[in-house]
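Inside the fold
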Amino acid sequence: MRWRLLVTPPLGGAENMAVDETLLRRAADTGEAVFRVYAWAGPTLSLGRNQPARDGYEPAALRDHGVSVVRRLTGGRAVLHHREVTYSVTAPDALGCALRDAYRRINEIIMSGLCSLGLDAAIAAPSGRAPLPSTAPCFEEPTEGELVLGGRKLVGSAQYRESGALLQHGSILVDDDQALVAELLREPVAPPPPPATLHQALGRIPQLDEVAAALFNAVRAREDPGAGELVPDHLFSEGVAAATERYRDDRWTWRR
């Protein structure tokens, strides 16, 4: 399978989700996989596809903290995108016939890249049933197959499949600000236990380009030695614009 590599500039939540969706459609059409690394234009809370959220968050708290909200195409729980690096992988289903196979294959790429930075990252072992969709923060606890450091969750990921292709994207924490997710709720809850972070593990704050280079080198080492850059011009097309409008629509964001 041919792989392409892409770094995009910081975008708003709706735009970021629209680009990932466009890449998902592209994977079905071309048979290529794309590993994308990106950031967000401002603090953004992303909700899982099936996560109940309507009336669960306090609008005043969101405004006070300058946090916007978007709902992902993928499942899982809420993630605050701010002090982190986000990745996405879009690929045809041939990457892994079973969701678990593709999930592990992608996470092994990420683990290899992060280990090259000097981290002792590992894949979490099975620990019971996956948590149900809820307003609990994504980084509350690791689930099977996710990446951990010293037993604490470092990377939160979710996957979605449609029309012969898959999208997996997730958050690699640079610093821990995930406790803010609990503060945005209408009903107070205990803050989640502290997750692992790149800053804590490395003793410094790596830049996005450094993390991207490590992940891209892992793609070349494990999947496609000839993986090259994907020119992003076509991603900012009418299709992306239409998808962006859907992700901006409150009927999608607050549908549950």
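This text follows the structure it describes.
So, a few notes on the structure that sits alongside this text. (Residues numbered from 1 in each chain as written. Predicted model: local features only at pLDDT ≥ 70, side-chain atom pairs only at ≥ 80, totals over all residues. Heavy atoms only, no water.)

In this structure the tally under the stated criterion is 18 salt bridges. Through salt bridges with shared partners, one network takes in Arg2, Arg4, Arg26 and Glu32. (Salt bridge = Lys/Arg side-chain N within 4 Å of Asp/Glu carboxyl O.)

A turn of α-helix holds 3.6 residues, and therefore any two residues three or four places apart point the same way. Given a rise of 1.5 Å per residue, 18 residues ought to cover 26 Å, and the 26 Å separating the end C-alpha atoms of helix H1 (residues 13-30) matches this to within 8%. In terms of residue burial, H1 counts as a mostly covered element, since 13 of its 18 residues are buried. Directly after H1, the chain includes Gly31, whose backbone phi takes a positive value near 75 degrees. (Helix = DSSP H or I, 4+ residues; strand = E, 2+ residues; numbered from the N terminus. Expected span 1.5 Å × (residues − 1). Buried < 20%, exposed > 50% of the residue type's maximum accessible area, 1.4 Å probe, protein only.)

Moving on, we come to the environment of Ala212. Within the secondary structure, Ala212 sits in helix H6 (residues 208-222). On the accessibility criterion, Ala212 (2% relative accessible area) is buried. In this structure, the C-alpha to C-alpha distance between Ala212 and Tyr38, residues 174 residues apart in sequence, is 8.6 Å. Those residues within four positions of Ala212 in sequence are excluded, and the remaining contacts are Val7 and Val37. (Contact = heavy atoms within 4.5 Å.)

Spatially, the 8 strands line up as an open sheet ordered E7-E8-E9-E10-E6-E2-E1-E11, and their pairing is mixed. Each edge of the open sheet is held by one strand with a lone partner, namely strand E7 (122-123) and strand E11 (228-229). H1 contacts strand E1 (3-7), strand E2 (33-38), strand E6 (84-92), strand E9 (152-162) and strand E10 (165-173) of the sheet and is inclined by roughly 170 degrees relative to E2. Strands E1, E2, E6, E7, strand E8 (147-149), E9 and E10 of the sheet are contacted by helix H3 (residues 99-116), whose axis makes an angle of about 140 degrees with E9. (Pairing = 2+ DSSP bridges. Axes fitted to C-alpha atoms, helices over the stretch in contact; angles between N-to-C directions.)

The side chains of a regular strand alternate between the sheet's two faces. Of all 11 residues making up E9, 8 are buried, and the element is well covered by its neighbours. Taken together, E8 and the strand that follows it, E9, pair antiparallel across an intervening segment of 2 residues, in which Gly150 is found at a positive phi of about 60 degrees. The pairing of E9 with E10 spans 8 bridges and is antiparallel. Across the sheet, Tyr160 pairs through a bridge with Leu167, a residue of E10. As consecutive antiparallel partners, E9 and E10 are separated by 2 residues, and within that stretch Ser163 has a phi angle of approximately 50 degrees, a positive value.

Here we come to unusual backbone geometry. The phi dihedral of Asp55 is positive, around 65 degrees, even though this residue is not glycine. Mapping Asp55 onto the fold places it in the loop between strand E3 (44-47) and helix H2 (59-64). Residues other than glycine seldom take positive phi values, yet Ser163 does so here, at roughly 50 degrees. You can see Ser163 is positioned in the loop between E9 and E10.

The next thing to look at is the packing of H1 against helix H7 (residues 238-248). It is at 8 Å that the axes of H1 and H7 come closest, and there the two elements cross at 130 degrees. Compared by their axis directions, H1 and H7 come out oblique. In the packing of H1 onto H7, the handedness of the crossing is right-handed. Where H1 abuts H7, its residues Ala14, Glu15, Met17, Ala18, Val19, Glu21 and Thr22 lie against Val240, Ala243, Thr244, Arg246, Tyr247 and Arg248. (Parallel < 35°, antiparallel > 145°, perpendicular 65-115°, else oblique. Left-handed = near helix turned anticlockwise from the far one by under 90°.)

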